[in-house]
Amino acid sequence: MGRATRVIVGALTAGGLTLAATAGATATPDARPGPPPAGHDLPKMPVMRGNGGAVASVDPIVSQIGIDILERGGNAADAAIGMAGAVGVVEPYSSGLGGGGFFVHYDARTGKVETIDGRETAPASFHDEVFVGDDGQAMDFDTVVNSGLSVGVPGTPATWELAAERYGTKSLHQLLKPAEDTARRGFVVDEPFHEATVDNAERFAKFPDTAKIYLPGGEPIKTGAILRNPDLARAYRQIRTHGADAMQRGDMGKAVVRTARNPRTAPGVSVPRGQMTMADMRAYRALVKEPTHSEHRGLDVYGMPTPSSGGYAVSEILNLLESYEQRTGKRTEDLSDGEWAHWFAEASATAFADRNRYVGDVPGVPGEELLSQDFADERSCLFDEDAAMTRPVPFGEPDGSYSDCQSSTATTKVGSEDQHTTSLTAVDKHGNAVTYTLTIEQYGGSGMVVPGYGFLLNNELTDFNFTPVTKGVPDPNLPGPGKRPRSSMAPTIVLEDGKPWMTAGSPGGATIITTVAQLVSGVVDRDLPIGDALAAPRVSSRNGSSTELEPSLAGGPVGDDMRRRGHQVKEVYRLGNATGIRVHDRRDLEAAAEPTRAGGGSAMVVDPDWWRYSSRP
């Protein structure tokens, strides 16, 4: 057990952290033989401050693995890879070997930010009407999700291998050992995991290899049970031993292809077959790319480029908030909660109008213009501080020629994107930083476990638009051969004077963009501590008919204020599940995770500042 947890447990026994004590696993492990489960005595801490390195994730087992790696001399990239491996074990419905993601890295030695695009790809046989039925209409979305046709070529193993070689100090063999051990030892199922299994039980039951793991005896695995997955441990052992080749050229990859092309289903169940081949597997590459870059109040904001839309949309939202200040003469930090919600909703709806029209895995994305303050200044002419814009908001013209107001009135409908992913972050004692968001798309992915290997396959190809979302308007996110579907994942690193100032990331489908932008703006524009900014109730407007508010906003004065301004308010239970680290300086790190959303997350540092967690009179 790493130093961070030893200190926390000491604080618990001293009576200083009673909240964390109630958040720890309390279920009684079942009586099945085997080693004790991993992390059953680890409490959850939403915020921790100290030095020596910091991590934040959705789960204390994951965060503890990251802290242990840092404590043993690993760097931020090492910690992120080890944590990502563990997430695939304890949060298998959100990410894993069968998925992909985006890795953003800051190198303290060079001062350079780079990204790795580990997004899944479509098979070479795909075309722009692959999801169109014989009747000329888009296929049923749920039918495609739970099928081999939704499965993209996984990119996660290749991402880990490339990140370890390019940025890490330890081998993949070392970094994935904790994940393998956790899969073998198992973990105690908590209530959120049980509830997620209940929600997915009907579709998991379609696939015997999935039901065997998550529906033992035909029922969703229960809270307090120990979930051990020896097949998944075997999969990690193969990746540790053979690297990404185990997936791209080995028996594991062949099993993935067989599962996608010929899904093994329960009696009487038939699902569409996929088109993936081993040639697609062998052709896969994780790609190093330059990040998106914008400036916000003297800080440098770096994010993920195409096929992600996250870097562009987050920056445009932040740029629009600055433009609104110029137009109104008001400062964001002085706004009432209702004014802030209105400003943010208008900025996010505008950014989504542009994202939907221009961003995808296609040539000619006007990235630099979408990131420019001049473009945001022109787009801000639609803003009215007293009334909501009519939805959907028209997209702009990022052509480099800007006046006081745009002339376009064309718009696009809003596509669909699911809500489930995971995000983690790490900063080491040398100042290296990583934010990594990874996914298998829908909660539970395609619903199909790869026989003999214990991991779920993604349904990432349903992130493509099945048909053009707006007749007569070019759609950059239609399927195509080898194409990577557009994503909203937005792992973000913010620098001040060339050094890390904060990191941010979140799951949540298209709400990732609004969650990350709100977190960054909360810290930068509203001067909130990162834990408070992360815990604050959220707003999301993605250029659909409604503006989403979490319950404490929707049912109170903010909701009333938004309705008076013309917003069609929709109350949603949860928006995002974020993590972040505020870097005050290299010896003062503040890690933050969710205090309550999705059961709460886990923030840890190598050497906590004891006085911050001691009882106070």
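Residues numbered from 1 in each chain as written. Predicted model: local features only at pLDDT ≥ 70, side-chain atom pairs only at ≥ 80, totals over all residues. Heavy atoms only, no water.

Per an unreviewed UniProt entry, the protein is named Glutathione hydrolase proenzyme, and its organism is Janibacter hoylei PVAS-1. Under the UniProt heading Sequence similarities (unreviewed entry), the note attached to the protein is "Belongs to the gamma-glutamyltransferase family." Per UniProt, the protein carries the Pathway (unreviewed entry) text "Sulfur metabolism; glutathione metabolism." (UniProt positions renumbered as here; feature names shortened; annotations may be inferred.)

Undergrad: Lay out the environment of Thr 169 with the relevant residues and their values.
TA: Mapped onto the fold, Thr 169 is located in the loop between helix 6 (156-167) and helix 7 (172-175). A relative accessible area of 52% places Thr 169 in the exposed class. Taking the C-alpha atoms as reference points, Thr 169 and Asn 75, 94 residues apart in sequence, are found 6.8 Å from one another. In this structure the side chain of Thr 169 is engaged in a polar contact, spanning 2.5 Å, whose partner is the side chain of Asp 78. (Helix = DSSP H or I, 4+ residues; strand = E, 2+ residues; numbered from the N terminus. Buried < 20%, exposed > 50% of the residue type's maximum accessible area, 1.4 Å probe, protein only. Polar contact = N/O pair within 3.5 Å; in protein donor to acceptor, adjacent residues only side chain to side chain.)

Undergrad: Requested: an account of the nonpolar core, with residues and values cited.
TA: Counting residues in hydrophobic clusters, the biggest one holds 85 residues, and the most contacted among them are Ile 81, Leu 97, Phe 103, Trp 160, Tyr 214 and Phe 455. Setting aside its immediate chain neighbours within four residues, Phe 103 contacts Ala 77, Ala 80, Ile 81, Glu 114, Thr 115, Ile 116, Thr 159, Ala 163, Tyr 167, Val 434, Thr 435 and Tyr 436. By size, the runner-up hydrophobic cluster in this structure holds 78 residues, among which are Tyr 302, Ala 351, Ile 513 and Leu 519. (Core = buried A, V, L, I, M, F, W, Y, C linked by side-chain atoms within 4.5 Å. Contact = heavy atoms within 4.5 Å.)

Undergrad: Before we move on, could you go through the packing of helix 4 (residues 76-90) against helix 8 (residues 177-185) and cite the residues and values that matter?
TA: Contact geometry of helix 4 with helix 8 gives a least axis separation of 8 Å together with a crossing angle of 15°. Taken together, the axis directions place helix 4 and helix 8 in an arrangement best described as roughly parallel. When you trace helix 4 past helix 8, the crossing you get is right-handed. Contacts between helix 4 and helix 8 pair Gly 85, Ala 86, Val 89 and Val 90 from the former with Ala 179, Thr 182 and Ala 183 from the latter. Taken together, the residues that form the contact of helix 4 with helix 8 break down as five nonpolar, two polar and no charged. (Axes fitted to C-alpha atoms, helices over the stretch in contact; angles between N-to-C directions. Parallel < 35°, antiparallel > 145°, perpendicular 65-115°, else oblique. Left-handed = near helix turned anticlockwise from the far one by under 90°. Nonpolar A, V, L, I, M, F, W, Y, C, P; charged D, E, K, R; others polar.)

Undergrad: Outline the pairing of strand 1 (residues 47-57), listing residues and values.
TA: Burial within strand 1 is extensive, with nine of its 11 residues counted as buried. When strand 1 meets strand 17 (residues 588-593), the two strands line up antiparallel, connected through four bridges. Counterpart to Gly 50 in the pairing with strand 17 is Leu 589. Looking at chain direction, strand 1 and strand 18 (residues 602-608) are connected through six bridges and run antiparallel. (Pairing = 2+ DSSP bridges.)

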